[in-house]
Amino acid sequence: MSSAGEIQPIRQWTFTAWQKAMLFGVGFYICAVASIYLSPRGGVFMTFWLPAGFYLAVLLLSEYRDWPWLAAGALLGNIIFDYELGTKPAVICLYFVANAGQAMTGAWMIRRFISKRPTLRTLNEFTWLVLLVGILAPIIWAIPNAEALKYFGLSHSFGQSFETLWGTNAVGILMLTPLILVWASRQEGSLAFFDSRNKIIEAAILFIGLNIGMWYLLFMENGAMSPNKSVVIPFLLWAGLRFGTLGASATNLYLALVFSFFTTQFHSGITPAQAATGIYVFVLQTVLVTGALISLIPAIVIAERDRSLAALQASESRFRTLIEQAPVAIGISRAGKTIYVNKKYLDAYGHQRMDDLAGKPIFEHWAPEFRPIIEERVRLREQGKPAPAEYEGVAQRKDGSKFPVHVTVAGVSLPDGPAWLAFITDITARQRAEQALRESEEKFSKAFRASPNGMSISEIETGRFVEINEGYCQIYGYQRDEMLDHTALELQVWEDPLARARFVKELRQEGMVRNFEARTRTRAGEVKLILLSAEPIEVAGKACIVSVLHDITDRKHAETEKEAAIAREHAARLEYTLQLIASQEAERTRIASELHDSLGQDLLLIKNRAQLALMGKDIDGELYEQIEAISGLATQSIAEARSISHDLHPYQLDHLGLTQALKAMIEKAEESSGVDFKRKFDGVDDLFSKEAALNLYRVVQESLNNILKHSRARNVRITLERDVHDVQLTIEDDGCGFNSKMTGKGMGLKNIAERSRILGGMLRVDSRPGRGTYIEIIIPISAEAE
């Protein structure tokens, strides 16, 4: 039987569920009405029940989920049809259950035991269709239906009811179901024979002949009761043999419709006595079933034969194409003589035509030293004795040149008898590659053993050493034999066993490892720092690693010493810078104090004495002006001394704190410059030590000096913000800017950078000519918080 789902239908419904139900109900009703005109007038039973065939075919073409909707549509069509006939409601329900049960049982059996999508493409499929849904399913449902009809008084004989119901449904299925299934599953171009003029003429002749035969039986003979009913058989065979299953099923249905209509409605060809007994109905059903089998069986058999022939021809074509286009030389021989070779064979041996080799002994294609061997093998094969099926040798071309080949021989069955198929491959390139590989392996072996670096080959999974060189042994203090067949983990070479796992993981992910740094131990327990480079290789069919080790222990120690020296130098420079800045700040404080306490006081005394002198009454005008000028100069000098003192040491920082001191500095700069300052300061006094606060103050002071002296800015924004982890100072102006990437920066920026470094902060300066300047310093709180 066909496997489930072997052939899919070409067309699928795209309607909604209720639309399917309505369309199916209309189709069911139309088939039921048509069945009335194909059955005896006034009778209870039909000649053949078309809805049975329609119901079954639609179920087979639908998914299981659609079956309830289709049943609902059938119920609607059943009710309308039987209501018009005056059928009792109980009997209507009986008919609905019988129709649905028979169709669903038959469809389920077909899908379960034959094919999920039957298309009547094989005789086996058609046979089981006849047995299961043409005989078994109608029998199953005819039994309770016949008993029910007798119970309702619609029939007086269970046997006659059973026989009629079974025949009615069986004929309906065989007449309509094949046509619907074949039509629904037809492939594109399946009606191409109507494109041929000769085929159209042939179909017309067949149609006319069939109608003449039916006219003869119905009006010149005894119709269904005529002994000459075989007159239509040639036309049924003609339809099946020439027009396939689609033509055969269409012809069967046409014959059934016409023959049944005239027989049942007009009693054409039958006597009144025969019409009264109703026996002609059973005969008519038998005629229709026989006609269906006569036309469909040959059509299916021929279709199967055509498909088989087409498949065979396709297979032969593929085989020939495969031989002709094969990338290796192929020769076919029998009894030691060549009967066919492909183009690759001709090219390999230097021949132009097949005629050059046909019928000639195959040993002539071999070098003289191999010919006796080939002759012996041919003899053994012809005698049915074992002979090598795969071997290598030296072949000889037409011009006498020789080349190495690999040969595989297999027996084949050809239409004219058994033969031997030989696949011949020129292995010149392979032998050269093998020779090159051997030379390469020899060079690698020499390089491996002579390398001053440590080299090893180990299995990637187990880590077992396959080979090591002398350099490897010198690094770790082992003898070669002591390490072979052991793993690095067993010898405790890796200080951290997980390091090897990481090394192998990187090798697998990247395909190679370069300069993997690891700590290892020698046999004496000394720690060795190594750089490990490796690539995967295959040795004796096992995945391995070839590794090269560089002992960097001494280099690492030297680097460590160098880094320590650099760190010490850096610390010394930092200490020197701190001391220098501290010294500068101390000197500034001293000078500021001198200016404020000494020079400032002296200037104040001068001013006061001048003021007293001005109060005298005996001072003339010229002297008064001189003394007044001295007082003004003293006042100005006092202000400048105080300003210089403040710049040298910001006393506000000591008395007001960092935040207020910065605000005062900016206010003074704004008053004296005319630059618009925008500022935002978070309280940060609790975060910095006295020295750190002074350094941050100097950074802002130096930045403001640069802006006022060089930038020509009109707007400046200064923010000092704090969060959980750091303090951020930003100073931004819209001045002329400068190229911050050029070297040789002024002392101002160098001082800012140095103090930022002392604060442990990160300085960023971004400036370009004409684009202003942006300075950002981020100071970790943990570095200076108290």
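Here the structure is a predicted model, which is why all the values come from computation and not from measurement.

Colleague: In this structure, what is going on with unusual backbone geometry? I would like to understand it.
Modeller: Glycine aside, residues mostly have negative phi, and peptide bonds are mostly found in the trans state. Look at L120: it is not a glycine, yet its phi comes out positive at around 60°. Along the polypeptide, L120 turns up in the loop between α4 (89–113) and α5 (123–151). One non-glycine residue with positive phi stands out, namely H267, at about 55°. Here H267 lies in the loop between α8 (233–266) and α9 (272–277). You can call H267 partly exposed: its relative accessible area is 31%.

Colleague: Is there a simple way to think about the pairing of strand β6 (residues 454–459) in this case?
Modeller: Successive side chains on a regular strand alternate, one facing one side of the sheet and the next facing the other. β6 sits mainly inside the fold: six of its six residues count as buried. Every second residue of β6 is oriented toward a common face, with G454, S456 and S458 on one face and M455, I457 and E459 on the other, all of them buried. Here β6 runs beside strand β7 (residues 465–468); their pairing, made up of three bridges, is antiparallel. Within β7, the position partnered with S458 by the bridge is F465. Where β6 folds back on β7, the antiparallel hairpin that results is connected by five residues, among which G463 adopts a positive phi of roughly 80°.

Colleague: I'm lost on the nonpolar core in this one. Help?
Modeller: Across soluble globular proteins, nonpolar side chains have a tendency to be buried as a group. With 69 residues, the main nonpolar core has F48, Y55, M175 and F259 as its most contacted residues. Here this core takes 11 residues from α8, the largest share from any one element. For M175, the residues in contact, after removing those within four places along its chain, are F48, S249, N252, L253, A256, L288, V289 and A292. Counting 34 residues, the second largest nonpolar core, distinct from the first, contains A661, L687, I718 and L759.

Colleague: What exactly am I supposed to notice about a nonpolar patch on the surface here?
Modeller: Together, W18, M22, W69, L76 and I80 line one region of the surface with nonpolar side chains, adding up to about 520 Å² of accessible area. Of all the secondary structure elements, the ones that give two or more residues to the nonpolar patch are α1 (17–36) and α3 (67–84). Ranked by residue count, the leading element in the nonpolar patch is α3, at three residues. Residue position: M22 is located in helix α1. Classification of M22 as partly exposed rests on a relative accessible area of 43%.

About the criteria used
- Residues numbered from 1 in each chain as written.
- Predicted model: local features only at pLDDT ≥ 70, side-chain atom pairs only at ≥ 80, totals over all residues.
- Heavy atoms only, no water.
- Helix = DSSP H or I, 4+ residues; strand = E, 2+ residues; numbered from the N terminus.
- Buried < 20%, exposed > 50% of the residue type's maximum accessible area, 1.4 Å probe, protein only.
- Pairing = 2+ DSSP bridges.
- Core = buried A, V, L, I, M, F, W, Y, C linked by side-chain atoms within 4.5 Å.
- Contact = heavy atoms within 4.5 Å.
- Patch = residues over 30% accessible without salt bridge, like charges linked within 9 Å, V, L, I, M, F, W, Y side chains within 5 Å.
- Areas by Shrake-Rupley, 256 points an atom, 1.4 Å probe, with all protein chains shown as cover.
- Salt bridge = Lys/Arg side-chain N within 4 Å of Asp/Glu carboxyl O.

These figures come from the coordinates and say nothing about function on their own.
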